[in-house]
Amino acid sequence: MIGLISATAAGAAARDRLAAAWPERTRVYEGPVGDAVRAAFAECEQLVCFLATGAVVRLVAPLLGDKATDPGVVCVDEGGRFAVSLVGGHGGGANELAGEVGELLGATPVVTTATDAVGVPGLDTLGMPVEGDVAGVSRALLDGEPVALDAELAWPLPPLRVSTEGSYVIRVSDRLVEPAPHEVVLRPPSLVVGVGASKGAPVDEVLELVEDALRDAGLSPKSLAELATVDAKAGEPGIVEAADRLGVPLVTYSAEELAKVEVPNPSDAPLAAVGTPSVAEASALVRGGELLVPKRKSARADGHASMATCAVVRRPARGRLAVVGLGPGARDLVTPRATAELRRASVLVGLDQYVDQIRDLLRPGTLILESGLGAEEERARTAVAEARKGQAVALIGSGDAGVYAMASPALAEASDDIDVIGVPGVTAALAAGAILGAPLGHDHVSISLSDLHTPWEVIERRVRAAAEADIVVTFYNPRSRGRDWQLPKALAILGEHREPATPVGVVRNASRSDESSRLTTLASLDPATVDMMTVVTVGNTATREIAGRMVTPRGYRWQEGTQ
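Draft legend 1. Examining the sheet that holds strand β26 (residues 534-538) more closely. Taken in spatial order, the five strands make up an open sheet running β22-β23-β26-β24-β25, and their pairing is mixed. With one partner strand each, in any of the chains shown, β22 (444-448) and β25 (516-521) form the two edges of the open sheet. Strand-to-strand twist across the sheet, computed as the mean angle between neighbouring axes with direction ignored, equals 20°. In the sheet, strand β24 (residues 503-508) pairs with β25 via six bridges, with the strands oriented antiparallel. Within β25, the residue paired with Val507 across the bridge is Ser517. In the packing of helix α16 (residues 428-436) onto the sheet, the strands contacted are β22, β23 (472-476), β24, β25 and β26, and the crossing angle to β24 comes to about 115°.

Here it is, written out as structure tokens:
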């Protein structure tokens, strides 16, 4: 919960805008400011104070305890110009909150945390527990001192400016080891514990079994990713509460799935009870991995029979491939999610001209693998290969990566051994449509006229289908020096079904500095004025030019009298 505190009418106005935008995330604290801050500090994970920075400093200073547990505090001036991350930039999430508040209120986020200021990811912001000399190793990273990466597990990380040797060390391990001096240990979520239990098994028995199994195997509970069991035990209170106390999700599988998993210790008892010869081992192994602790039974001091079993598996690290759409070209049309993925990636793969567009968004140390036009399949193979090494990879394309871009060849190359994340982008058709007016207000289709990968016979059949169906058509890749007849042919096909006066929108370099656009007609369009940087949108029989804009009616009843 985010506590909101203000002292003046101006501050209250901005406060109320935030409260209205985030009704489920925020709570307004009224009354004397000092009392409000103290109450919010004790009750909320984060605070946004619409007060002078000095006032907030004096109010929260007596309340501060430990940066690992203090709430994040963001201060917004009463003019709404700046959102300052004041306390708990990393641990309390104030840096990220300042960005969110700034975006919503139109304020400039102010983040002074050293790592954020120079583009180095904070070791406590990587989404996994961290132990050891965080301050010392972070300072070494900032100062450019050699920092070695000791990755016992290959886990996707952002660029960390690390080397093979150094007096400071970042270790990636799920083993129960104490950090050495000048060392931090990152705990990746690599361990899965499969659990079986009799009806009514006490939570303390389940919990003690899991904790003992991890400790005896020399494994850190901070690397526990989930508990797993059979569907029939999804509501078993002892298992459910154990997962809750451990702070991990409970994942369940059907007996049919688990029965297919080969395990070293099958048993007739679970087969008779829930339909699978193994619950603990099978549920831990069902997604693959290395069995570190075979099935183990709980021990009861009262001499009664064991009521719980568990097994521990280390799942193989999975690389991460983000396929990122950069939009049509304008920086403000690159989505925040795309920017976040670019900064998360340790490896960037892309067309050289697209890399140049976003090079400044990358963190220092990002490995850039760029190539020229015509190497799409090679880039896709490279990105997947890097992800299979356990890297965090971003593969970039213009517009939306799934529309005539890199998502298709990348996903054709990738298998289920890596995680693939799609990041949508603003397509050229959408950018052009916004410039023209509303040409895509009803059913529409995009067709590429490039026959480099698609036979012209197939393209022509699709154009004819769109023409006969009276669908608005946007042509991508309409004309190049070596392909100058396809666009006239496509327009002629549409002309067999549409009037010569049908509106046609032509947009070149949509959203870029040299953007140009014009509205013409099917009969008047000169194909020689079109190139590969242009999209051509041809209206349907209902499309009209209204006040210089291209509009395809949606078909609402109020429009019937205007058609």
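Now that the structure is up, let's keep going.
Draft legend 2. Up close: the nonpolar core. Counting 24 residues, the largest nonpolar core has Val193, Val195, Val206, Leu214, Leu227, Ala242 and Val312 as its most contacted members. Sorting the residues of this core by element identifies β11 (191-197), α7 (203-216), β12 (224-230), α8 (237-246) and β15 (308-314) as the ones contributing at least two each. Ranked by the residues each element gives to this core, the list is headed by α7, at seven residues. Dropping the residues within four chain positions of it, Val206 is found in contact with Val195, Ala201, Gly238, Ala242 and Ala308. With 21 residues, the next largest nonpolar core counts Trp456, Ile459, Ile493 and Val538 among its residues.

Draft legend 3. Fine view of helix α2 (residues 33-43). Every buried residue of α2 is listed here: Val33, Gly34, Ala36, Val37, Ala40 and Phe41. Angular distribution of buried residues about the axis of α2 spans 160°; they occupy a single face of the element.

Draft legend 4. View of the pairing of β26. Of all five residues that make up β26, five are buried, and the element is covered over most of its length. Alternating residues of β26 divide into Thr534, Val536 and Val538 and Val535 and Thr537, and every residue in both groups is buried. Pairing analysis gives three bridges linking β23 to β26, with the strands arranged antiparallel. Residue pairing across strands places Phe475 opposite Val536, the latter belonging to β26. Here β24 pairs with β26 via five bridges, running antiparallel. Residue pairing in the sheet places Gly505 in a bridge with Thr537 of β26.

Draft legend 5. The arrangement of the sheet that holds strand β20 (residues 419-423) in detail. The five strands are arranged β18-β17-β19-β16-β20 in an open sheet whose pairing can be described as parallel. Each edge of the sheet is formed by a strand with only one pairing partner; in this case those strands are β18 (367-371) and β20. Pairwise comparison of adjacent strand axes, ignoring direction, gives a mean angle of 15° for this sheet. Where strand β16 (residues 320-325) lies against β20, five bridges are found, and the strand directions are parallel. The partner of Leu321 across the bridge, within β20, is Val420. Along the sheet, helix α12 (residues 336-344) makes contact with β16, β17 (347-351), β19 (392-397) and β20, crossing β16 at roughly 140°.

Draft legend 6. Region of the structure containing unusual backbone geometry. Located in the positive-phi region is Tyr404, a residue other than glycine, with phi close to 50°. In this fold, Tyr404 is placed in the loop between β19 and α15 (407-413). The backbone phi angle of Ser511 is positive, close to 75°, even though this residue is not glycine.

Draft legend 7. Seen up close, the state of the cysteines. This model, assessed by the stated rule, comprises zero disulfides. Counting only cysteine sulfurs, Cys49 is the nearest neighbor of Cys44, a cysteine outside any disulfide, at a range of 10 Å. According to the relative accessible area criterion, Cys44 is buried, its value standing at 7%.

Draft legend 8. Inspection of the packing of α7 against α8 at higher detail. The geometry of α7 relative to α8 is characterised by a closest axis approach of 8 Å and an angle of 55° between their N-to-C directions. When the axis of α7 is compared with that of α8, the two are oblique. In the crossing of α7 with α8, the sense of the turn from one axis to the other is right-handed. Residues Val203, Asp204, Val206, Leu207, Val210 and Glu211 of α7 pack against Gly238, Glu241, Ala242, Arg245 and Leu246 of α8.

Draft legend 9. Inspection of the pairing of β22 at higher detail. Where β22 lies against β23, five bridges are found, and the strand directions are parallel. Of the residues in β23, the one forming a bridge with His444 is Val472. The β-α-β motif built from β22, the intervening helix α17 (residues 456-468) and the parallel element β23 has right-handed crossover chirality.

Draft legend 10. Broad picture of the packing of aromatic side chains. All told, the structure shown has two aromatic pairs when counted by the stated rule. Ring geometry for Tyr404 against Tyr476: centres 4.7 Å apart, planes inclined by 55°, an arrangement best described as tilted. With a gap of 72 residues between them, Tyr404 in the loop between β19 and α15 and Tyr476 in strand β23 connect regions that are remote in the sequence. With relative accessibility at 44%, the residue Tyr404 sits in the partly exposed group. Where Trp456 meets Trp485, the ring centres are 5.0 Å apart and the plane angle is 70°; that geometry is what we call edge-to-face. Here Trp485 lies in the loop between β23 and α18 (486-495) and Trp456 lies in helix α17, a separation of 29 residues in the sequence. Trp456 sits in the buried class, given a relative accessible area of 10%. Lying across the ring of Trp22, Arg25 places its NZ or CZ 4.3 Å from the centre.

What counts and what doesn't
- Residues numbered from 1 in each chain as written.
- Predicted model: local features only at pLDDT ≥ 70, side-chain atom pairs only at ≥ 80, totals over all residues.
- Heavy atoms only, no water.
- Pairing = 2+ DSSP bridges.
- Helix = DSSP H or I, 4+ residues; strand = E, 2+ residues; numbered from the N terminus.
- Axes fitted to C-alpha atoms, helices over the stretch in contact; angles between N-to-C directions.
- Contact = heavy atoms within 4.5 Å.
- Core = buried A, V, L, I, M, F, W, Y, C linked by side-chain atoms within 4.5 Å.
- Buried < 20%, exposed > 50% of the residue type's maximum accessible area, 1.4 Å probe, protein only.
- Arc of directions from axis to C-beta.
- Disulfide = S-S within 2.5 Å.
- Parallel < 35°, antiparallel > 145°, perpendicular 65-115°, else oblique.
- Left-handed = near helix turned anticlockwise from the far one by under 90°.
- Right-handed = clockwise from strand over helix to strand, strands pointing away.
- Phe/Tyr/Trp six-rings, centres within 6.5 Å; stacked < 30°, edge-to-face > 60°.
- Lys NZ or Arg CZ within 6 Å of the ring centre and 35° of its normal.

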